[in-house]
Amino acid sequence: MLKQYIVRIKYKNIYFMLLLALIMGCSDPILKPAFIIAETPEDIKPVTGKWVRPVLYDNRIDFSRLSVKKKKQKFIEMLLPSILLVKHNLAVERARVGNIIWKMKNDDPVSGEDKAFFDTKMEEFKANSPEDLYNRMATHPTSIVLAQAAIESGWGSSRFFNEANNIFGVWSYNPDEDRIMASQSRGDQAIFLRKYPDLRGSIKDYFLTLSRANAYGNYRQQRLKVKDPYQLTYFLKNYSELRYTYVSRLNMVMRKNNLTQYDSLKLDPSYYNSENHIIL
C-alpha cells in the first residue's frame, strides 16, 4: 500500500504543502535526487517546465563530437540542476546568516551551533563584518552563470572540463590541492587548474571566488541592486584579461542562446528537507 505524507516546508516566508509519496518499505519521506553517469547525450534528462529535478551528473560525454545545436542543449541541461542546487543552498545559508545577524542586533541569544556556523562562514567568505558576509553570500542570475560556463569551457569541449570538471577555468596556486597542468605556460611559469570531484564542486567554487576576490568587489555591490543580466555583466570585466570584449561576448552568448529563459527556473520543492536544504 502506498503511503502519503504531507510535509510543511517554510521557504522565503511562504509555506508550501507538499504531497510526497513513499514506496512500500521506504522510511524516508524525501525523494532523493539521482546521480547519473552521463555516457551518452540521451542520459541527460530534458529540462521542462519551471521546476528542475536536482540530478547530479558524472560527465563522460565528448561534447566536441556533438552538433553545435545538440552540444549547447545538452550542456545547459547537464549544468542547470547543479547551478540551481548550489544557488538554492547558498540562499538557505544566507537566510540563516541573516537570522543570526538579526538576533545579534536585537540582543537575542545565539546558539552555540549558530555561532559556529556564523564564524565558519565569516572565514570562508573572507568577510569584514556581519553585513559584509550577508552581501557576499548573494548570488546572481543563472543566465550569467551559463554564459560564463559556455565561454570558459567551450560549451563543454575543453580538456579542463572533461578531465577536471573545471567549468570556469579556475587556476590553482596551491600544489597541495587536486589539479591538472595546462598545456600552455606563462613564460617559464607552468599554469595549473583546479580539479573538482564533480560539476557541483566547480560551480560552488565559482560563486565563492566571485564572493571573496577583491577584483569583484564592485560586482558584488552591483549584483545587490542591478537585476538586468545584460547590465550586470558590465561589472564582470575583471574576470578576463579581455575586459570589455569579454563583457560583450557574455552578452552575445546570453542573447544568441536566449539564456535568460532559465533565470526563472527553480529546483523542484519536493526535494527540500525541513531546513530547506536539498537532500543528497
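Note that this is a predicted model, so its numbers are computed, not measured.

Colleague: How would you explain the overall build of the protein chain if you had to name every residue and give the values?
Modeller: Helix and strand counts for the protein chain stand at 9 helices and 8 strands. Out of the 280 residues in the protein chain, the part that is buried amounts to 47%. Contacts in the protein chain between residues far apart in sequence, at least 24 positions, make up 57% of those at least 6 positions apart. Taken as a whole, the protein chain presents about 15,300 Å² of accessible surface, with 51% of it coming from carbon and sulfur.

Colleague: Provide a residue-level description of helix α4 (residues 142-153), including the pertinent values.
Modeller: Here α4 spans 16 Å end to end across 12 residues, near enough to the 16 Å set by a 1.5 Å rise per residue. With 11 of 12 residues buried, α4 lies mostly within the body of the structure. Buried residues of α4: Thr142, Ser143, Ile144, Val145, Leu146, Ala147, Gln148, Ala149, Ala150, Ile151 and Ser153, and no others. Against the buried residues of α4 lie α1 (68-105), α5 (159-164), α6 (199-212), α7 (217-223), α8 (229-232) and α9 (244-256). Just downstream of α4 lies Gly154, where phi reads positive at about 60 degrees.

Colleague: How would you summarise the packing of α1 against α6 if you had to cite specific residues and measurements?
Modeller: Contact geometry of α1 with α6 gives a least axis separation of 9 Å together with a crossing angle of 50 degrees. What the angle tells us is that α1 and α6 run oblique. For the pair α1 and α6, the sense of crossing is right-handed. The segment α1 lies against α6, with Met78, Leu79, Ser82, Ile83, Leu85, Val86, Lys87 and Leu90 engaging Leu199, Arg200, Ile203, Lys204 and Phe207. In the contact of α1 with α6, the residues fall into 9 nonpolar, 1 polar and 3 charged.

Colleague: Mind laying out α6, listing which residues take part and the relevant values?
Modeller: The terminal C-alpha atoms of α6 lie 20 Å apart, and with 14 residues this matches the ideal 20 Å at 1.5 Å per residue to within 8%. Looking only at α6, the buried set comprises Leu199, Ser202, Ile203, Asp205, Tyr206, Phe207, Leu208, Leu210 and Ser211. One side-chain oxygen at the N-terminal end of α6 lies 3.2 Å from the backbone nitrogen of Arg200; it belongs to Asp198.

Colleague: Residues and numbers for the pattern of salt bridges, please.
Modeller: All told, the structure shown has 15 salt bridges when counted by the stated rule. Linking Asp58 and Arg60 is a salt bridge whose minimum nitrogen-to-oxygen distance equals 3.3 Å. In this structure Asp58 comes out as partly exposed when scored by relative accessible area, which is 22%. Overall, the relative accessible area of 48% leaves Arg60 in the partly exposed class. As a salt-bridge pair, Glu163 and Arg159 come within 3.2 Å of each other at their nearest N and O atoms. Linking Glu163 with Arg159, this pair stays in helix α5, spanning 4 residues, or about one helical turn. Among the charged side chains, a network of salt bridges with common partners joins Glu39, Asp58 and Arg60.

Colleague: I'd like a description of the pairing of strand β6 (residues 179-186), backed by residues and values.
Modeller: Judged from the 5 bridges that link them, β6 and strand β7 (residues 189-194) form a sheet pairing that is antiparallel. Paired with Met181 across the strands is Phe192, a residue of β7. Between β6 and β7, which pair antiparallel one after the other, the connecting turn spans 2 residues, and Gly187 there sits at a positive phi close to 70 degrees.

How each quantity is defined
Residue indices begin from 1 for each chain and proceed along its sequence in written order. pLDDT decides what is reported in this predicted model: residues at 70 or higher carry local features, side-chain atom pairs at 80 or more are listed and counted, and totals for whole chains, interfaces and linings draw on all residues regardless. Working from all heavy atoms in the structure, the side-chain values ignore hydrogens and water. Counting from the N terminus, the helices are the DSSP runs of H or I reaching at least four residues and the strands are the DSSP runs of E reaching at least two. The cut-offs for exposure are 20% and 50% of the maximum accessible area for each residue type, with area from a 1.4 Å probe on protein chains only; residues under the lower value are buried, those over the upper are exposed, and the others partly exposed. It only takes one pair of heavy atoms within 4.5 Å for two residues to be counted as in contact. Here, Shrake-Rupley sampling with a 1.4 Å probe gives the accessible areas, and only protein chains in the shown set may cover a residue. The span you would expect from a helix comes to 1.5 Å times its residue count less one. Note on geometry: axes are C-alpha line fits, over the in-contact stretch for helices, and angles between N-to-C directions span 0 to 180 degrees. Roughly parallel means an angle under 35 degrees; roughly antiparallel means over 145; roughly perpendicular covers 65 to 115; every other angle is labelled oblique. Should the near helix be turned counterclockwise from the far one by less than a right angle, the crossing is left-handed, whereas a clockwise turn marks it as right-handed. Each residue is assigned to one class: nonpolar for Ala, Val, Leu, Ile, Met, Phe, Trp, Tyr, Cys and Pro, charged for Asp, Glu, Lys and Arg, and polar for all the others, Gly among them. Polar contact is defined as a pair of N or O atoms within 3.5 Å, subject to the rule that within protein one atom must be able to donate a hydrogen and the other to accept it, and that residues adjacent in sequence are counted only when both atoms are side-chain atoms. In the sections that follow, a salt bridge refers to a side-chain nitrogen of Lys or Arg positioned within 4 Å of a carboxyl oxygen of Asp or Glu. Strands qualify as paired when DSSP identifies two bridges or more between them.

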